[in-house]
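Residue strings, one per chain:
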Amino acid sequence: MVKKMSFSDRNFSILLLFIIVFQTCLSIQLYEVFRNLKLIPDLLPNPPTKLCNVTYVSKTGTLVLRPGQRIPPEYRKIHPNVTWPVRWNKTYCLYMTGISRWQVKLDRRKVALQPNTTNYPFGTTFYPFGYEWHNWLVVNIPMNDVGAGQTLYGHLPILNPPEPDVVDRYAFFVFEQVFGLINFTAPIDGIAYKFQELSRTIDFVDKYMLGNPIFGNCFINKWVPYTTTSKLPYLADDMPA
């Protein structure tokens, strides 16, 4: 004899179906944003399937980042808080990186646009179209406690693009370290720009077999004019010593 489904069982099934559909829609939306911004495949072959929460808190307000939105200039220097749904006894890697399609010259003290020259001063590195700017890298994160992880690259402020028609794209990727704690050999330092030329995101992911990102978020950064009252990070004085 087949037992009829009770009213509470039907409600639970409907709720479960709604949650599955809702999560599927979020995954599709996240995929579309990463694809439209060409973060996929410029950074990685596959996008994250779930959203991580990124929050910027300033003296004047709080920004909860929506995937693909433009970051307001007043939040560029602020260290973001990043969280994702907790999975017990799991270890994660948080990777924040930006990408631009301009040719730039990078040295320790400043970034300057150099579109058509090959004569660079000593100590600089030339980046072709599609260079990456690594902003933040934390590994061996227990569950979602970023502060308890191992910082390889300290967080850097978001730089003002060099030209008005340049739009920089930034992404947060959260990888699950399926093998648990990893002995990362990348230089450990609080200043990311010293080491950003060491590898691309995909090289780092392949080296440590991190697989596809589980969680992610992204935003765009557009040029704004400098004023005497609102100076944005771009040149030497805004970079860490």
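That block above? That's the structure.
Each chain has its residues counted from 1, following the order in which its sequence is written. The predicted nature of this model means local features are confined to residues of pLDDT at least 70 and side-chain atom pairs, given and counted, to a pLDDT of 80 or more, with totals for whole chains, interfaces and linings taken over all residues. Think of the side-chain values as coming from all heavy atoms in the structure, minus any hydrogens and water.

Caption draft 1: Just the side chain of H134, in detail. Helix and strand labels come from DSSP, where a helix needs a run of H or I of at least four residues and a strand needs a run of E of at least two; each type is numbered from the N terminus. Relative to the elements of secondary structure, H134 occurs in strand 10 (residues 132-142). For the purposes of these results, a polar contact is taken to be a pair of N or O atoms within 3.5 Å, where, inside protein, one atom must be able to donate a hydrogen and its partner to accept one; residues adjacent in sequence count only when each atom of the pair is a side-chain atom. Engagement of the side chain of H134 in a polar contact is seen with the side chain of Y95, the distance being 3.4 Å. Only 3.1 Å separates the side chain of H134 from the side chain of T97, close enough to count as a polar contact.

Caption draft 2: View of unusual backbone geometry. Residue P41 is reached from I40 by a cis peptide bond, and omega for that bond is 15°. Considering the arrangement of structural elements, one finds P41 in helix 2 (residues 39-42). You will see that N89, though not glycine, has its phi angle at about 65°, which is positive. Within the secondary structure layout, N89 lies in the loop between strand 5 (81-83) and strand 6 (91-99). Partly exposed residues are those whose accessible area sits between 20% and 50% of the maximum for their type, while under 20% is buried and over 50% is exposed, using a 1.4 Å probe and protein chains only. The class of N89 is exposed, set by a relative accessible area of 66%. Unusually for a residue other than glycine, N140 sits at a positive phi of about 55°. As for its position among the elements, N140 is in strand 10. The class for N140 is buried, based on a relative accessible area of 12%.

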